[in-house]
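Below, each chain spelled out in residue letters.
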Amino acid sequence: MNRIGVYWLRVAIVGMLVSFSACDKEQQQVVGEPFVPREPQRIEFSEIEVTYHGDDIGEALSDGWLIRLRTDMEIDDAGNPIGEGAVMQLLLNAPYDAEQSADVEYITGSYTVQTNSGDFSPMSFVPGYMTTIDLPGGRVEVADGSFFATLDEGSTVMNYDLLDEGSLHITINDEGVVTIDGVVAGSKFLKRYFSWSGNFEITSEVEEGVPNSTIDQDVELNDFTQAQLQDRGDIFYLKDESYRSFLLFMADDGIDLATGRPQGSGRVLRLELLVPWSADKADGIPAGVYTMLQRNEDTSIDRDQVVPYRLVPGLPDLFSYPYIAGSWYIDMEGGEWRDYARLVGGELLVERGDDGSHVLQFELAECSNSGYKVAGSMSIAESIAVY
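All of these numbers come straight from a predicted model, not from anything done at the bench.

Of regular secondary structure, the protein possesses one helix and 28 strands. Residue pairs at least 24 apart in sequence account for 61% of intrachain contacts in the protein once pairs closer than 6 positions are excluded. Within the structure as shown, the protein displays about 18,500 Å² of accessible surface, and the carbon and sulfur contribution to it stands at 46%.

The following block contains the structure:
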């Protein structure tokens, strides 16, 4: 589940929506009426739920923690609080824990709102936003991210204030008591000071995602027997003739490349190269050193990196055609992926002979933190087959 995705499908069906908010914003003044500043609110919460979502973004950058606070209220059979009262939700981007251990020590520190929707830097919180979910009884609009809400007496309906400013602090004393406090503000332009102190149990909901690399050691590839080259043109739609994309496959005997999509059994190296616009696939790959460019945290690629003599890294979490993109190593059996690695670093050296022959040497890095390499070479005595 993504930190910026819909957290509330489960909550809307069985549980309690919780929120959090506050921060400085100017009051809007009605023309002709005197400006009367609103007094900040101060809320002491008595109840807490803490859920650990781990590295749900999948970039080994930060971990998602969901903190739900509420004042003392009755809870109905569906798990919804019954007002009068207040709830607050904090969706935190906490420091990344490589062990994914749900250790409360990782959430201590001071947090401010994240800079944009794609920024999941540690020590930030996700601002509040509204989202719509489908339920058997119809579509329901609920808040997600970080928000504060009030409930009228006898009601389970939440009156939301979406948080987008402020700071919060989490500390643990020598006795292990956790304190959460801060000041936040949101869509209702009202500053709110809040606090909670005590101990809590952590519910871990780390989702087992599909790994982007399954290799557990370095891979040596020195005996490929076939290669194929495809011209994919301006795949980034820049329309300035500054580069061209060539898709290169190197493969074992048991791989069928006749359809332009590898089938069969054996090992395949899929490399996406950026070459000069004037390059012709019939002439093969232009000689030179191709280095891997880098994707941003949201998987996009900066314009200044889209230039000739670059390799395009694999696009994460896409494992089938036509969606797979970028550079991958794949070990196939019967057309199914057995072992594989998304490639995100390294380089390819291309040497050319006057007769159209090629010598390809590569040392590439896979995407996990293990540091495994996919390396090897291939000599092609004749022109590379084209598709």
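And the narrative resumes.
With respect to the helices and strands, S155 occurs in the loop between β11 (147-151) and β12 (159-172). Ignoring any residue separated from it by four or fewer positions in sequence, one finds S155 in contact with P81, I82 and G83.

This part takes up a negative patch on the surface. On the surface, E59, E297, D298, D302, D304 and D317 cluster together to form a negatively charged patch. Structurally, E297 is set in the loop between β22 (288-292) and β23 (310-311).

Across all of its chains, the model carries eleven aromatic pairs by this definition. Note on F236 and Y243: the rings are 6.0 Å apart at their centroids and 50° apart in plane angle, and the pair reads as tilted. Here R42 stacks its cationic end above the ring of Y193, 4.3 Å away from the centre of that ring. The ring centre of W277 lies 4.1 Å from the NZ or CZ of R244, which sits over that ring.

In this section: the pattern of salt bridges. Within this structure, the stated rule accounts for ten salt bridges. As a salt-bridge pair, R267 and D223 come within 2.5 Å of each other at their nearest N and O atoms. Remark: D223 occurs in the loop between β16 (219-221) and β17 (226-233) and R267 occurs in strand β21 (residues 266-275); sequence separation between them is 44 residues. Looking at R267, the relative accessible area reads 18%, which means it is buried. On the basis of relative accessibility, which here comes to 48%, the residue D223 falls in the partly exposed class. With a closest N to O distance of 2.9 Å, D331 and R338 form a salt bridge. What makes R338 partly exposed here is its relative accessible area of 44%. If you follow the salt bridges from partner to partner, you end up with D223, D252 and R267 in one network.

A word on the nonpolar core. Soluble globular proteins tend to pack their nonpolar side chains together in the buried interior. In terms of nonpolar packing, the biggest core is built from 30 residues, with L248, M250, L269, L271, L273, I285 and L348 touching the most fellow members. When residues no more than four places from it in sequence are discounted, the contact partners of L248 are A227, Q228, L229, L269, R270, L271, L273, I285 and L360.

Attention shifts here to the confidence of the model for the protein. Overall, the prediction assigns the protein a mean pLDDT of 88, with 88% of residues at 70 or greater. A low-confidence stretch, residues 6-30 stays under pLDDT 50, and its non-local contacts, those more than four residues away or across chains, total 121 contacts.

Time to look at the side chain of S327. Position of S327 relative to the elements: it lies in the loop between β23 and β24 (328-333). We classify S327 as buried; its relative accessible area is 0%. At 3.3 Å, the side chain of S327 and the backbone nitrogen of E272 are in polar contact. A polar side-chain atom of S327 sits 2.7 Å from the main-chain carbonyl oxygen of V312. Once residues within four sequence positions are removed from consideration, S327 is found in contact with R270, L271, E272, M292, V312, P313, G314, R342 and L343.

Its location among the elements puts A143 in strand β10 (residues 138-144). The exposure class of A143 is buried, given its relative accessible area of 0%. Sequence spacing of A143 and L162 is 19 residues, and the spatial spacing of their C-alpha atoms is 7.5 Å.

What follows covers the environment of G288. You can see G288 is positioned in strand β22. Taking the C-alpha atoms as reference, G288 lies 5.3 Å from V350; in sequence the two are 62 residues apart. Ignoring anything within four residues of it in the chain, the contact list for G288 reads Y309, L348, L349 and V350.

Okay, the environment of V350 next. Within the fold, V350 resides in strand β25 (residues 336-352). Along the backbone, V350 and P286 are 64 residues apart, and their C-alpha atoms lie at a distance of 7.3 Å. Ignoring sequence-local partners within four residues, the contact set of V350 consists of I285, P286, A287, G288, Y290, H358, V359 and L360.

Attention now goes to unusual backbone geometry. Cis geometry is found at the peptide bond from G83 to E84, where omega equals 25°. In this fold, E84 is placed in the loop between β5 (81-82) and β6 (85-95). In this chain, Y321 is followed by P322 through a cis amide linkage whose omega measures 10°. Tracing the sequence through the fold places P322 in the loop between β23 and β24.

Calculation criteria
Residues numbered from 1 in each chain as written. Predicted model: local features only at pLDDT ≥ 70, side-chain atom pairs only at ≥ 80, totals over all residues. Heavy atoms only, no water. Helix = DSSP H or I, 4+ residues; strand = E, 2+ residues; numbered from the N terminus. Contact = heavy atoms within 4.5 Å. Areas by Shrake-Rupley, 256 points an atom, 1.4 Å probe, with all protein chains shown as cover. Patch = residues over 30% accessible without salt bridge, like charges linked within 9 Å, V, L, I, M, F, W, Y side chains within 5 Å. Salt bridge = Lys/Arg side-chain N within 4 Å of Asp/Glu carboxyl O. Lys, Arg positive; Asp, Glu negative; His and termini not counted. Charge placed at Lys NZ, Arg CZ, Asp CG, Glu CD. Phe/Tyr/Trp six-rings, centres within 6.5 Å; stacked < 30°, edge-to-face > 60°. Lys NZ or Arg CZ within 6 Å of the ring centre and 35° of its normal. Buried < 20%, exposed > 50% of the residue type's maximum accessible area, 1.4 Å probe, protein only. Core = buried A, V, L, I, M, F, W, Y, C linked by side-chain atoms within 4.5 Å. pLDDT = per-residue confidence, 0-100. Polar contact = N/O pair within 3.5 Å; in protein donor to acceptor, adjacent residues only side chain to side chain.

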